[in-house]
Amino acid sequence: MLSPMLPRPPKTWTTVSPEPAAALVASSIECGRIAHLRLMTKSVVISTGKLPAEVPAFHNGYLIGGLPYQCRGSKEVQMMVLFYYSWLENNNLKTLPEELFTGQDNLKYLRLVGNQLEKLPRYIFHGLTDLEELAIHVNHITHLPRGVFEGLKNMLSIYIDNNRIANLSANQFHGLSKLRDLAIHDNDITHLPHGVFEGLKNMLSMSFHLNKIRNVSKEHFKDVAPTIRSLYFHHNRMRKLPEGFLSTMPNLTRATVDTNMMCCHLTKEDADCDYVYVDSFASCETMFRNRAARTCIWAIATMSLVGAIFVITWRMVYRETNIVQPIMLIHLAVSDGLMGIYLITIGWKDATWAGQYHLHDYNWRTSLACQITGAIAVLSSEVSLMLLSLISADRLKNIVFPFHVGGLTNKATHALCFIIWIIGFIIAFLPTIGIQYFRAPAGDDHFYGK
């Protein structure tokens, strides 16, 4: 993002000076002459292409982009004196000397965008006390040295997105009390250390999307919370926010998160919250958005349990001579009863957390209790299906081949039912033992809570 005070020159520019003291063709510039242009003019733009009809009046600064290939990395260019603006973007720079900006006390805007920088010297920005905007995005930076921003007391905007930064240091932005915009999205950050944003009491916008952050806390943002207006956290690995996380930000008007349930934490009527995908069929208040679904759960659960108890009792009281079919029906009743237990558990959780379900959603869905409950539902379905198939096969045999094939004995029936239960247990509980195939995209072991 560019400062509104600093218009970006077109890619078609040749070498231009808004003051007639210097106007050279980029392809013919000698690296030494580039370094000495500061003696001829206050403002210089260096790039390749066609001269535009109109050139905006930049004042007191060097704007350098698209340097001739033979000049990139030359000692003369590295040591040239810069003033108000400095554009060193798209120049294939891989390293920067630590003393590059020494003495540039008046530098306010510095752009090192689109190079191949892999690291920054710790004191590269030392002494740039007037610097207001720093853009070092679209590079290959993997680490920010501790204290690299130290002394930048007038800094307003920092853009370090589209790099490969994996970690931030505690107090990484210490001393940047005037900082308003921080863009650190599209990196490989996995966590935020304690105190990383300490002292940033004028922050307006922060973007952390397209990282790998798993958890945040109110402590991380306690200094930022009173002033922050825009917060971008989508496409991370978070699935929940701490209770009251967004409510501590009274001026927040825009937030982006991963799931719809995380938006429930933003209760301001004049604030917008966008999410990447729907992580649940629940609403902020209840486990089920549809009231009819909540009612049907209790009705079906009651009928399942009552029906199962009735069948088991009936078959135990009124015994028959041929008990092959009753054995299978009793097993079927037990499996149907398990579905009733599952539905009652879900309905009870929904009633317990009514009005504030979003605070419990992720913890519940990743808990062992939820995994066992989900496995019970699958066990009930699979065993019921296999028992119905066994009962149908037995009835078919008795009707079509009543005399040609011997019937099932009680012992064989018990054995077949036992095998069906074993198969059902394997199918139902296999996803809960940590096999990679059943894991969530973020690597979490909660197959039945996805």
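Residues numbered from 1 in each chain as written. Predicted model: local features only at pLDDT ≥ 70, side-chain atom pairs only at ≥ 80, totals over all residues. Heavy atoms only, no water.

- Taking an unreviewed UniProt entry as the reference, the chain is identified by name as G-protein coupled receptor GRL101 belonging to Stylophora pistillata.
- According to its UniProt record, the chain has this under Subcellular location (unreviewed entry): "Cell membrane". (UniProt positions renumbered as here; feature names shortened; annotations may be inferred.)

Side note on the state of the cysteines
- Within this structure, the stated rule accounts for two disulfides.
- A sulfur-sulfur separation of 2.1 Å characterises the disulfide bridge that pairs Cys-263 with Cys-273. Looking down the S-S bond of the Cys-263 and Cys-273 bridge, the torsion is -80°, so its handedness is left-handed. Separated by ten residues along the polypeptide, Cys-263 in the loop between β10 (254-259) and β11 (272-277) and Cys-273 in strand β11 bring together distant segments of the chain.
- For Cys-263, a relative accessible area of 12% gives the class buried.
- Here Cys-264 pairs with Cys-284 through a disulfide, and the sulfurs are 1.9 Å apart. (Disulfide = S-S within 2.5 Å. Helix = DSSP H or I, 4+ residues; strand = E, 2+ residues; numbered from the N terminus. Buried < 20%, exposed > 50% of the residue type's maximum accessible area, 1.4 Å probe, protein only.)

Examining the nonpolar core
- Phe-173, Phe-197 and Phe-221 are the most contacted members of the largest nonpolar core, which has 60 residues in total.
- Once residues lying within four places of it in the same chain are set aside, the contact partners of Phe-197 are Phe-173, Leu-182, Leu-192, Met-206, Phe-208, His-220, Phe-221, Asp-223 and Val-224. (Core = buried A, V, L, I, M, F, W, Y, C linked by side-chain atoms within 4.5 Å. Contact = heavy atoms within 4.5 Å.)

Remarks on the environment of Asn-115
- With respect to the secondary-structure elements, Asn-115 resides in the loop between β4 (109-111) and β5 (133-135).
- Beyond its immediate stretch of four places on either side in the chain, Asn-115 contacts Leu-88, Glu-89, Asn-90, Asn-91, Asn-92, Leu-93, Val-138, Asn-139 and His-140.
- Looking at Asn-115, its side chain comes within polar contact range of the main-chain oxygen of Leu-112, at 3.2 Å. (Polar contact = N/O pair within 3.5 Å; in protein donor to acceptor, adjacent residues only side chain to side chain.)

Here we look at the packing of helix α4 (residues 324-352) against helix α7 (residues 410-429)
- Contact pair α4 / α7: the axes reach a minimum separation of 9 Å and the direction vectors enclose 20°. Here α4 lies roughly parallel to α7, going by the angle between them. Note that α4 runs across α7; the crossing there is right-handed. Two secondary-structure elements touch here, α4 through Val-324, Ile-327, Met-328, His-331, Val-334, Ser-335 and Leu-338 and α7 through Asn-410, Thr-413, His-414, Cys-417 and Trp-421.
- Considering only residue class, the contact of α4 with α7 consists of seven nonpolar, five polar and no charged. (Axes fitted to C-alpha atoms, helices over the stretch in contact; angles between N-to-C directions. Parallel < 35°, antiparallel > 145°, perpendicular 65-115°, else oblique. Left-handed = near helix turned anticlockwise from the far one by under 90°. Nonpolar A, V, L, I, M, F, W, Y, C, P; charged D, E, K, R; others polar.)

Quick notes on the pattern of salt bridges
- Inspection of the entire model under this criterion finds nine salt bridges.
- Across the pair Arg-294 and Asp-350 runs a salt bridge, and its minimum N-O distance is 3.9 Å. You can see Arg-294 sitting in helix α3 (residues 291-317) and its partner Asp-350 sitting in helix α4, a full 56 residues away along the chain.
- Using a relative accessible area of 9% as the deciding quantity, one classes Asp-350 as buried. (Salt bridge = Lys/Arg side-chain N within 4 Å of Asp/Glu carboxyl O.)

Observations regarding unusual backbone geometry
- For Asn-90, which is not a glycine, the phi torsion comes out positive at approximately 55°.
- Position of Asn-90 among the secondary structure elements: in the loop between β3 (85-89) and β4.
- Under the relative-accessibility criterion, Asn-90 is labelled partly exposed at 38%.
- Of note in the backbone geometry, Leu-210 takes a positive phi value of approximately 60° without being a glycine.

Description of a nonpolar patch on the surface
- Residues Phe-418, Ile-422, Ile-426, Leu-430, Ile-433, Ile-435 and Tyr-437 make up a contiguous nonpolar surface patch of roughly 740 Å² in combined accessible area.
- Residue placement: Ile-435 occurs in the segment after α7. (Patch = residues over 30% accessible without salt bridge, like charges linked within 9 Å, V, L, I, M, F, W, Y side chains within 5 Å. Areas by Shrake-Rupley, 256 points an atom, 1.4 Å probe, with all protein chains shown as cover.)

What to know about the UniProt feature "transmembrane region" (unreviewed entry) in the chain
- Mapped onto the present numbering, the UniProt feature "transmembrane region" (unreviewed entry) falls on residues 296-317, 323-348, 368-392 and 412-430.
- Across residues 412-430 one finds 95% helix and 0% strand; the C-alpha atoms that close the span lie 27 Å apart.

Observations regarding the pairing of β3
- By the criterion of burial, β3 is predominantly enclosed, with five of the five residues buried.
- By the alternation rule, side chains of β3 split into Tyr-85, Trp-87 and Glu-89 and Ser-86 and Leu-88, which are all buried.
- Direction of pairing for β3 relative to β4: parallel, over a ladder of three bridges. Bridge pairing in β4 links Trp-87 to Arg-111. (Pairing = 2+ DSSP bridges.)

What about the confidence of the model for the chain?
- Residues at a pLDDT of 70 or more form 78% of the chain, whose mean pLDDT is 80.
- Across residues 1-72, confidence stays below pLDDT 50; counting only partners more than four residues off in sequence or on other chains, it has 168 contacts.
- When the criterion is pLDDT under 50, residues 75-83 qualifies, and its contacts beyond four places in sequence or with other chains add up to 29 contacts. (pLDDT = per-residue confidence, 0-100.)

Examining the packing of aromatic side chains
- All told, the structure shown has 15 aromatic pairs when counted by the stated rule.
- Residues Phe-208 and Phe-233 carry aromatic rings whose centres are separated by 5.1 Å and whose planes lie at 15° to one another, so their mutual orientation is stacked. Linking Phe-208 in the loop between β8 (205-207) and β9 (230-232) with Phe-233 in the loop between β9 and β10, this pair joins segments that are 25 residues apart in sequence. Comparing Phe-208 with Phe-233 shows no difference in burial state: the two are buried.
- Measuring from centroid to centroid gives 5.5 Å for Phe-221 and Phe-245, while their planes differ by 90°, and the two rings are edge-to-face. Separated by 24 residues along the polypeptide, Phe-221 in the loop between β8 and β9 and Phe-245 in the loop between β9 and β10 bring together distant segments of the chain. (Phe/Tyr/Trp six-rings, centres within 6.5 Å; stacked < 30°, edge-to-face > 60°.)

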